[in-house]
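Spelled out from the first residue to the last, the chains are:
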Amino acid sequence: MRLSLIIPTYNSEFYLNDLLQSIKNVTWYEVIFVDDGSTDKTLDILEKFQNSRSNILIIKGVHKGVSHSRNLGLKQAKGDYIMFMDSDDLLKPKQLSAFLRRNKSLSDITFFTSTAGTEYTFQISDSKRKNLIGNTLRLPSISRNEQFIFDPGPCSHIYSRKLLMDNHIVFNSNLRFGEDLLFNIAALKYATTITIIPKGIYLYRYNVNSVSRGLKYNQIENARIFFVQLTKLVDKELVGERRALSFIRNIRKAVYFGKKNNDLAKLVEFYKSEQM
């Protein structure tokens, strides 16, 4: 099959029916559901949906988070191209089908966006690559004057499976936050072509029970692992810029979640340190 659609699930019973309605008539690409240890009726719903469809694969796992689930899906995927989707979101299959019918082969990365413009494909020069990665690492408000800002999330993108496999690009399952960004930075580092499609095919919704929300994490350890990995992908200047932005965001996040003053002090000390 040309496309493998990978969908992690976790206690998604209240959202699944809408999702399944949006893909029920899709038979020409592979759909891989990776269940992350659901305790509700998610698996029952998926197995009933699978019964009459040969293109549906269900992988059952334990609760290790969305990155682990996506990586399991990647290992099983047979499509030439990979797309990720969250179980609480919706897809516009007609628009996706129309695009794939028009294009026999795709770029290393295809990015669907709802912003106005025209469809175009470009080769990634070294200077363009640095700009793309730099803008992806910055907050949208800082990069808003750029012609194109690459969405750091993995959904609404199509990736060449060869790009991912040849360069060992996977999600870091030790991270609670930032794993999507690192995945896309790695993809941008090795991609040679990108296509921009100014037509949205993906509808985001919010689910308090999504795959990662129930996992506890250490904010400082998460930041340490993130920056160790980021240092392997980009130059020091970009790492420093992202570090400053990350400091602001993590302090705000810590305050929002009611962290104690001692925890805030440790977080400040971590970002002041040159050692990750």
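Refer to the structure presented above.
Now for a quick tour of the structure.

## Focus on the sheet that holds strand β2 (residues 30–35)
Paired through backbone hydrogen bonds, the strands of a sheet run either parallel or antiparallel to each other. Taken in spatial order, the 8 strands of this open sheet run β3-β2-β1-β4-β8-β6-β9-β7, and their pairing is mixed. Each edge of the open sheet carries a strand with a single partner, namely β3 (56–60) and β7 (120–123). Here the strands of the sheet are splayed against their neighbours by 20° on average, with no regard to which way each runs. The pairing of strand β4 (residues 81–84) with strand β8 (residues 157–160) spans 3 bridges and is classified as antiparallel. Residue pairing across strands places Met-83 opposite Ile-158, the latter belonging to β8.

## Observations concerning the environment of Ser-173
Summarising the element assignment, Ser-173 is placed in the loop between α6 (161–166) and α7 (179–190). Along the chain, Ser-173 and Arg-70 lie 103 residues apart, while their C-alpha atoms are 9.4 Å from each other. Discounting residues that sit within four places of it in the chain, Ser-173 has contacts with Ser-67 and His-68.

## A word on unusual backbone geometry
Even without being a glycine, Ser-156 presents a positive backbone phi close to 70°. Positionally, Ser-156 belongs in the loop between α5 (126–137) and β8. On the basis of relative accessible area, Ser-156 is assigned to the buried category, the value being 6%. Of note in the backbone geometry, His-168 takes a positive phi value of approximately 55° without being a glycine. On the secondary structure map, His-168 appears in the loop between α6 and α7.

## Some thoughts on the pattern of salt bridges
According to the stated counting rule, one finds 7 salt bridges in the structure shown. Here Arg-102 and Glu-119 are joined by a salt bridge, their closest N and O atoms 3.3 Å apart. Residue Arg-102 is found in helix α4 (residues 93–102), and its partner Glu-119 is found in the loop between β6 (109–112) and β7; the two are separated by 17 residues along the sequence. The network of salt bridges with common partners includes Arg-70, Asp-86 and Asp-180.

## Regarding the packing of helix α1 (residues 13–23) against helix α2 (residues 42–50)
For the pair α1 and α2, interaxial distance at closest approach is 9 Å and the crossing angle is 20°. One element, α1, and the other, α2, form an angle in the roughly parallel class. In the crossing of α1 with α2, the sense of the turn from one axis to the other is right-handed. Packed against α1, whose contacting residues are Glu-13, Leu-16, Asn-17, Leu-20 and Ile-23, the element α2 presents Thr-42, Ile-45, Leu-46 and Phe-49 at the interface. By residue class, the composition of the contact of α1 with α2 is 6 nonpolar, 2 polar and 1 charged.

## Some thoughts on the packing of aromatic side chains
Scanning the model with the defined rule gives 9 aromatic pairs in all. Seen from their ring centres, Phe-226 and Phe-227 are 5.1 Å apart, and the 85° between their planes marks the pair as edge-to-face. The exposure classification of Phe-226 matches that of Phe-227, with both residues buried. An aromatic cluster is defined as three or more aromatic residues linked by ring pairs; in this entry it consists of Phe-84, Tyr-159, Phe-171 and Phe-183. Above the face of the Phe-49 ring, Arg-53 is positioned so that its terminal group lies 4.0 Å from the ring centre. The side chain of Lys-128 reaches across the aromatic face of Phe-122, ending 5.3 Å from its centre.

## Details of the environment of Gly-134
Structurally, Gly-134 is set in helix α5. The buried category is assigned to Gly-134, whose relative accessible area is 2%. Spatially, the C-alpha atom of Gly-134 lies 9.6 Å from that of Glu-237, the residues being 103 residues apart in sequence.

## Describing the nonpolar core
Of all hydrophobic cores here, the largest spans 46 residues; its most connected members are Ile-6, Phe-84, Ile-109, Leu-137, Ile-194, Leu-230 and Val-234. Element by element, the count of residues in this core is highest for α7, at 7 residues. When neighbours within four sequence positions are excluded, Leu-230 is seen to be in contact with Leu-137, Leu-182, Val-239 and Arg-242. Judged by nonpolar contacts, the second largest core, of 30 residues, contains Ile-7, Val-31, Ile-56 and Leu-106.

## Focus on the pairing of strand β9 (residues 193–197)
Most of β9 sits out of view: 5 of its 5 residues are buried. A two-sided burial pattern is seen for β9, the buried positions comprising Thr-193, Thr-195 and Ile-197 on one face and Ile-194 and Ile-196 on the other. Here 4 bridges tie β6 to β9, and the two strands are oriented parallel to one another. Bridge pairing in β9 places Thr-110 opposite Thr-195.

Rules and cut-offs
Residues numbered from 1 in each chain as written. Predicted model: local features only at pLDDT ≥ 70, side-chain atom pairs only at ≥ 80, totals over all residues. Heavy atoms only, no water. Pairing = 2+ DSSP bridges. Helix = DSSP H or I, 4+ residues; strand = E, 2+ residues; numbered from the N terminus. Axes fitted to C-alpha atoms, helices over the stretch in contact; angles between N-to-C directions. Contact = heavy atoms within 4.5 Å. Buried < 20%, exposed > 50% of the residue type's maximum accessible area, 1.4 Å probe, protein only. Salt bridge = Lys/Arg side-chain N within 4 Å of Asp/Glu carboxyl O. Parallel < 35°, antiparallel > 145°, perpendicular 65-115°, else oblique. Left-handed = near helix turned anticlockwise from the far one by under 90°. Nonpolar A, V, L, I, M, F, W, Y, C, P; charged D, E, K, R; others polar. Phe/Tyr/Trp six-rings, centres within 6.5 Å; stacked < 30°, edge-to-face > 60°. Lys NZ or Arg CZ within 6 Å of the ring centre and 35° of its normal. Core = buried A, V, L, I, M, F, W, Y, C linked by side-chain atoms within 4.5 Å.

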